Amino acid sequence: MKLADVVQEWLNRLEWDDTVKQDEENQTSSLNVILSIKDQGFNLWFETDEKKEWLRLFLYAPFQALSHKFEDGIQLFNRINASRRFGAICLLDDGRIVFRHTVDVENTQPSVDMIDNMLGQAIKLYETWFNEISSIALTNKTAQEVFDELDKTSEIKEGEEA
């Protein structure tokens, strides 16, 4: 089954009216929808590449990091990513914040459940770290101040992987 068809099957299961856009010539497809997390509209992208046998997810935060906050953002995202196994949160050059995850499905049977798992990882990250991400990106709080607060509790944040 084509990867684009698996993504469409996932959409159908959720009873969403969206349609995967397919580029038959390049054997790719894409889907873009808005997803609500923490009462905020996150931009969700799925891309498939039939030749490479990749399924890619991008979940963009509804805000960008202020230009003078890039270093703090990168420090926070490095700490978050060091605690995770799947996907990564990144700060792009233009200030956009994105969780991205790619699955190589070569010699496997991609499924709707695989897409659920990928998206679940992205949602969990933003639910778990939303306050820290937004305070670093949008306020004068530094990464070190956030780390000090986290270290005071000396507990792994709920939803964070060990």
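How each quantity is defined
- Residues numbered from 1 in each chain as written.
- Predicted model: local features only at pLDDT ≥ 70, side-chain atom pairs only at ≥ 80, totals over all residues.
- Heavy atoms only, no water.
- Helix = DSSP H or I, 4+ residues; strand = E, 2+ residues; numbered from the N terminus.
- Contact = heavy atoms within 4.5 Å.
- Polar contact = N/O pair within 3.5 Å; in protein donor to acceptor, adjacent residues only side chain to side chain.
- Buried < 20%, exposed > 50% of the residue type's maximum accessible area, 1.4 Å probe, protein only.
- Pairing = 2+ DSSP bridges.
- Axes fitted to C-alpha atoms, helices over the stretch in contact; angles between N-to-C directions.
- Parallel < 35°, antiparallel > 145°, perpendicular 65-115°, else oblique.
- Nonpolar A, V, L, I, M, F, W, Y, C, P; charged D, E, K, R; others polar.
- Core = buried A, V, L, I, M, F, W, Y, C linked by side-chain atoms within 4.5 Å.

A.B. asks: Lay out the environment of phenylalanine 70 in plain terms, naming residues and giving numbers.
C.D. replies: Within the secondary structure layout, phenylalanine 70 lies in helix H2 (residues 70-82). The contact partners of phenylalanine 70, leaving out residues within four places of it in the chain, are Ala65, Leu91, Leu92, Asp93, Asp94 and Gly95.

A.B. asks: How would you explain the side chain of serine 29 if you had to name every residue and give the values?
C.D. replies: Tracing the backbone through its elements, the reader meets serine 29 in strand S2 (residues 28-37). Of the polar contacts made by the side chain of serine 29, one reaches the side chain of threonine 48; its length is 2.4 Å.

A.B. asks: Tell me what's going on with unusual backbone geometry, and back it up with residues and numbers.
C.D. replies: Positive phi is not limited to glycine here, since lysine 38 has a value of about 55 degrees. Here lysine 38 is to be found in the loop between S2 and strand S3 (40-49). Phi is positive for asparagine 107, close to 60 degrees, though the residue is something other than glycine. Relative to the helices and strands, asparagine 107 resides in the loop between strand S6 (96-104) and helix H3 (112-138). Look at asparagine 107 and you get exposed, because its relative accessible area is 75%.

A.B. asks: Requested: an account of the pairing of strand S4 (residues 54-64), with residues and values cited.
C.D. replies: Bridging between S3 and S4 involves 7 bridges; their strand directions are antiparallel. Residue pairing in the sheet places asparagine 43 in a bridge with tyrosine 60 of S4. Linking S3 back to S4 in an antiparallel pair, the connection comprises 4 residues, with glutamate 53 at a positive phi of about 60 degrees.

A.B. asks: Can you lay out the packing of helix H1 (residues 3-14) against H3 for me, pointing to particular residues and giving the numbers?
C.D. replies: Look at H1 against H3: their axes get within 9 Å of each other, and the N-to-C directions meet at 75 degrees. In terms of orientation, H1 and H3 fall into the roughly perpendicular class. Where H1 approaches H3, its residues Val6, Val7, Glu9, Trp10 and Arg13 are matched on the opposing element by Val112, Asp113, Ile115, Asp116 and Leu119. For the contact of H1 with H3, the per-class residue count stands at 6 nonpolar, no polar and 4 charged.

A.B. asks: Explain the sheet that holds S3 to me, using residue names and the numbers behind them.
C.D. replies: Strands pair in a sheet through their backbones, by hydrogen bonds, and they do so in one of two ways: parallel or antiparallel. If you walk across this open sheet you meet the 6 strands as S1-S2-S3-S4-S6-S5, and the pairing is antiparallel. Each having just a single partner strand, strand S1 (21-23) and strand S5 (88-91) make up the two edges of the open sheet. Direction aside, the axes of adjacent strands within the sheet are offset by 25 degrees on average. The sheet contact formed by S1 and S2 spans 3 bridges and is antiparallel. Paired with lysine 21 across the two strands is serine 30, which belongs to S2. Against the sheet, H1 touches S1, S2, S3 and S4, its axis set at about 150 degrees to S3.

A.B. asks: Outline the nonpolar core, listing residues and values.
C.D. replies: In this structure, Leu59, Ile97, Tyr126 and Ile133 are the most contacted members of the largest nonpolar core, which totals 46 residues. Considering every element that reaches this core, the biggest residue donor is H3, with 13 residues. With near-sequence residues (within four places) excluded, leucine 59 lies in contact with Leu35, Ile37, Phe42, Asn43, Leu44, Ile97, Val98, Phe99, Ala122, Ile123 and Tyr126.

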